[in-house]
Amino acid sequence: MKQINHWIDGRLSAGSTGRVGPVFNPASGAQTGEVAMASADDVDTAVQAARRAYETWGDSSLTSRQNIMFAFRELLAARRMDFAKFLTAEHGKTIDDAMGEVQRGLEVVEFACNIAHLLKGDFSAQVSTGVDTYTIRQPLGVVVGITPFNFPAMVPMWMYPIAIACGNTFILKPSEKDPSSSLLAAELLAEAGLPDGVFNVVQGDKEAVDALITHPDIAAISFVGSTPVARYIYETGTHHGKRVQALGGAKNHMVVLPDADIDLAADAAVSAGYGSAGERCMAISAVVTVGDAGDRLIEGVRTRIEKLKIGPGDETGVEMGPLVTRQHLEKVRSYVDAGESEGALLIADGRDFVVDGYQDGFFLGPTLFDNVTPDMSIYTDEIFGPVLSTVRMEHYEEAIELINKNPYGNGTAVFTNDGGAARKFQQEIQVGMVGINVPIPVPLSFYSFGGWKDSIFGSHAIYGPEGIHFYTRQKVVISRWADPLHRGVDLGFPTHG
Ligand code: NAD
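Residues numbered from 1 in each chain as written. Predicted model: local features only at pLDDT ≥ 70, side-chain atom pairs only at ≥ 80, totals over all residues. Heavy atoms only, no water.

A.B. asks: Where do I start with the overall build of the chain in this structure?
C.D. replies: When its secondary structure is counted, the chain shows 16 helices and 23 strands. On C-alpha atoms alone, the chain measures out to a radius of gyration of 25 Å, which is about the 23 Å that the 2.2 N^0.38 rule sets for 497 residues. Projected onto the principal axes, the alpha-carbon positions of the chain cover approximately 85 × 60 × 40 Å. Relative to its full complement of 497 residues, the chain shows a buried share of 56%. Partitioning the intrachain contacts of the chain with sequence separation of at least 6 by distance along the chain shows that 72% fall at a separation of at least 24. Per element, the accessible surface of the chain, about 20,200 Å² overall, is 52% carbon and sulfur. Here the chain contributes 40 positively and 61 negatively charged side chains, and the mean placements of these two sets differ by 5 Å. (Helix = DSSP H or I, 4+ residues; strand = E, 2+ residues; numbered from the N terminus. Rg over C-alpha atoms; globule rule 2.2 N^0.38 Å. Buried < 20%, exposed > 50% of the residue type's maximum accessible area, 1.4 Å probe, protein only. Contact = heavy atoms within 4.5 Å. Areas by Shrake-Rupley, 256 points an atom, 1.4 Å probe, with all protein chains shown as cover. Lys, Arg positive; Asp, Glu negative; His and termini not counted. Charge placed at Lys NZ, Arg CZ, Asp CG, Glu CD.)

Okay, here's the thing in structure tokens:
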């Protein structure tokens, strides 16, 4: 049984508790590892290591930080397949999908390689006679990342490359379901020259999280996960005086208008609905068809999912892998039961799907519902599985209203060939990331990622320019040099002149 430990102060550590959690291979259903579960004492050990490291790292030169990011980028690019294998082994996604995940994380590292440029401040000369004003951005201190199971490599990379490049030290608390890739990242950062204690990994569950988000020496928390936990992290972290960005769950809609290219839309619905077995925060979960687009789209999706190859993620040609755990499989299955009993029309039923040779794997076949109504639990809840619901609407306005009423606002898409209709969507939709004939509108690393409404708590989106702002504080300096005018004491409020 593989032992998966913490990484504290530049080395592996088993921690103090002896408490462990199981890690599974979702394709076989077998337990393959045990991950250490940190106590509050283990968390404090990591925080103290990060605090000590901050004393020098926070004051290190921009060029030295930049050089380490470049070196890390090269190591990451060379070892991307090793990351992908960990992701497939513990999460279940296909190797191709895992390679895509690593690529999107690597792009954030490339963004962080620009840190010298990104941390430039503003400068205004002669704002008053002999007076200049400028801004500098300074790191916060020890910052924390708490991440979900569905992108075990990429989501942490949304955080730590930028946090570290800005001069902070970092503690990652990865998902306990697929923790191994975080240790590979730690090893590569050390190999790239990152000093001990700048990047730490604390494995664990709620006990570790609670110790982190209330610890007096933590300055800021980045969280990505489900909405109830995001809300809890935001409320608890801010109550303890920390800066918090907490990204939550989603229910992403894709609107298909009657004039859309239906083949394009059906390809997109299948890719975005069933890719990574629906375990993406940007997965399409509800397709909203307008007018006569419904029948054509349903038929297009049905015929495509019949041909999907489902199996273990490391098998050549497999397009969709298993769900992450048996518990999650049961939960998704129960939603299919509920949809059927609530009266939706089950077009494709994946509940009895079995992969030959992998009877104990956590597989669910692609599932498709028609005639879903907004009061059904398959519509209201985030299912996070390969279950696509179709909601039929007569008018475009109703589709927009439906999305705007939904409490989540992560991503959405419209499929149409009408520029005016697309622009109306862009302007009126109450969602943070919008695709126009693009089903998964994930911005590249030089933009920022973040939803609206219950999909985010806090005022900063993640990575990109907002990441730089989140991980630094601005200081404004008003400076007077060589002012020949000695004006004497003046207790009045300073004015220009
Ligand atoms: P989760 O909320 O269960 O867990 C996320 C992290 O929080 C994990 O590290 C976990 O150990 C910890 N955690 C879980 N329960 C906790 C509790 N009660 N108290 C303190 N910490 C706790 O999420 P998940 O199941 O790992 O991931 C899937 C969810 O993440 C989905 O809702 C998905 O939409 C969301 N997600 C959102 C985004 C985004 O950018 N908005 C990206 C990826 C995933």
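A.B. asks: Honestly, the environment of glycine 409 in this entry has me stumped. Any pointers?
C.D. replies: The topology assignment puts glycine 409 in strand β18 (residues 408-409). Judged by relative accessible area, glycine 409 falls into the buried class, the value being 0%. Sequence-wise, glycine 409 and arginine 65 are 344 residues apart; in three dimensions their C-alpha atoms are separated by 35 Å. Leaving out residues up to four positions away in the same chain, glycine 409 has contacts with Gln430, Val431, Gly432, Gly451, Trp452, Lys453 and Ser455.

A.B. asks: Would you mind showing me how to read the sheet that holds strand β1 (residues 2-4) here?
C.D. replies: Within a sheet, each strand pairs with its neighbour through backbone hydrogen bonds, oriented either parallel or antiparallel. Here three strands make up an open sheet; going across it, the order is β1-β5-β4 and the pairing mixed. In the strand order of this sheet, the two ends are held by β1 and β4 (20-24), each with one partner. Taken over all neighbouring pairs, the strand axes of this sheet differ in orientation by 30 degrees on average, direction set aside. Judged from the three bridges that link them, β1 and strand β5 (residues 31-36) form a sheet pairing that is parallel. Bridge assignment links lysine 2 to a residue of β5, and that residue is glycine 33. (Pairing = 2+ DSSP bridges. Axes fitted to C-alpha atoms, helices over the stretch in contact; angles between N-to-C directions.)

A.B. asks: Would you mind showing me how to read the site of the ligand here?
C.D. replies: Contacts to the ligand come from 27 residues, most closely from Thr147, Lys173, Glu176, Ser226 and Glu382. In the environment of the ligand, an oxygen atom lies 2.8 Å from a nitrogen or oxygen atom belonging to the backbone of threonine 147. With respect to the ligand, the side chain of glutamate 176 contributes an N or O atom lying 2.7 Å from an oxygen atom. Relative to its free-state accessible area of 830 Å², the ligand is covered by the protein chains to the extent of 87%. Of all the elements in the fold, those that place two or more residues in the shell around the ligand are α8 (206-214), β11 (220-224) and α9 (227-239). (Near = heavy atom within 4 Å. Polar contact = N/O pair within 3.5 Å; in protein donor to acceptor, adjacent residues only side chain to side chain.)

A.B. asks: Explain the environment of glutamine 3 to me, please; I cannot follow it from the model alone.
C.D. replies: For glutamine 3, the location among the structural elements is in strand β1. It is 8.7 Å that separates the C-alpha atoms of glutamine 3 and alanine 14, two residues lying 11 residues apart in sequence. At 3.4 Å, the side chain of glutamine 3 forms a polar contact with the backbone oxygen of methionine 1.

A.B. asks: Sorry if this is basic, but what is going on with the pairing of strand β7 (residues 131-139) here?
C.D. replies: Each regular strand displays side chains that alternate between the two surfaces of the sheet. The alternating pattern of β7 places Val131, Thr133, Thr135, Arg137 and Pro139 on a buried face and Asp132, Tyr134, Ile136 and Gln138 on a face that is not buried. In terms of strand pairing, strand β6 (residues 123-128) meets β7 through three bridges, oriented antiparallel. Its bridge partner being in β7, serine 128 is matched across the sheet by valine 131. Between β6 and β7, which pair antiparallel and follow one another directly, the connecting turn spans two residues, one of which, glycine 130, has a positive phi of 75 degrees. The pairing of β7 with strand β23 (residues 472-480) spans nine bridges and is classified as antiparallel. If you follow isoleucine 136 over to β23, its bridge partner there is lysine 475.

A.B. asks: Would you take a moment to explain the pattern of salt bridges for this structure?
C.D. replies: Throughout the structure, instances matching the rule amount to 29 salt bridges. Between arginine 51 and aspartate 217 there is a salt bridge whose closest N-O contact spans 3.7 Å. In this pair, arginine 51 sits in helix α1 (residues 40-57) while aspartate 217 sits in the loop between α8 and β11, placing the two residues 166 residues apart along the sequence. For aspartate 217, a relative accessible area of 31% gives the class partly exposed. (Salt bridge = Lys/Arg side-chain N within 4 Å of Asp/Glu carboxyl O.)

A.B. asks: Would you mind showing me how to read the nonpolar core here?
C.D. replies: Where a protein is soluble and globular, its nonpolar side chains tend to be buried together. Counting residues in each nonpolar core, the largest one holds 67 residues, and the members touching the most others are Trp158, Phe170 and Phe199. Here this core takes 10 residues from helix α6 (residues 154-165), the largest share from any one element. Viewed by domain, this core spans two of them, domain 1 (2-248 + 455-477) and domain 2 (252-436), each represented by three or more residues. Once you skip the residues sitting within four places of it in the chain, phenylalanine 199 turns out to touch Trp7, Tyr160, Ile164, Phe170, Leu172, Ser182, Ala185, Ala186, Leu189 and Leu194. (Core = buried A, V, L, I, M, F, W, Y, C linked by side-chain atoms within 4.5 Å. Domains from an automatic or database assignment.)

A.B. asks: Honestly, the side chain of serine 181 in this entry has me stumped. Any pointers?
C.D. replies: Looking at the element boundaries, serine 181 is found in helix α7 (residues 180-191). Judged by its relative accessible area of 2%, serine 181 is buried. If sequence neighbours within four positions are ignored, serine 181 has contacts with Phe83, Phe86, Leu87, Pro152 and Ala153.

A.B. asks: Would you explain a nonpolar patch on the surface in this entry?
C.D. replies: There is a patch of nonpolar side chains on the surface, built from Leu444, Phe446 and Tyr447 and spanning about 340 Å² of accessible area. Here tyrosine 447 shows up in the loop between β20 (433-436) and β21 (452-453). (Patch = residues over 30% accessible without salt bridge, like charges linked within 9 Å, V, L, I, M, F, W, Y side chains within 5 Å.)

A.B. asks: How should I be thinking about unusual backbone geometry in this particular structure?
C.D. replies: In most cases, non-glycine residues show a negative phi, while peptide bonds are predominantly trans. Even without a glycine there, the phi angle at aspartate 9 is positive, about 55 degrees. Counting through the fold element by element, aspartate 9 comes out in the loop between β2 (6-8) and β3 (11-13). The backbone phi angle of asparagine 437 is positive, close to 60 degrees, even though this residue is not glycine. Note that asparagine 437 resides in the loop between β20 and β21. Its relative accessible area of 29% is what places asparagine 437 among the partly exposed residues.

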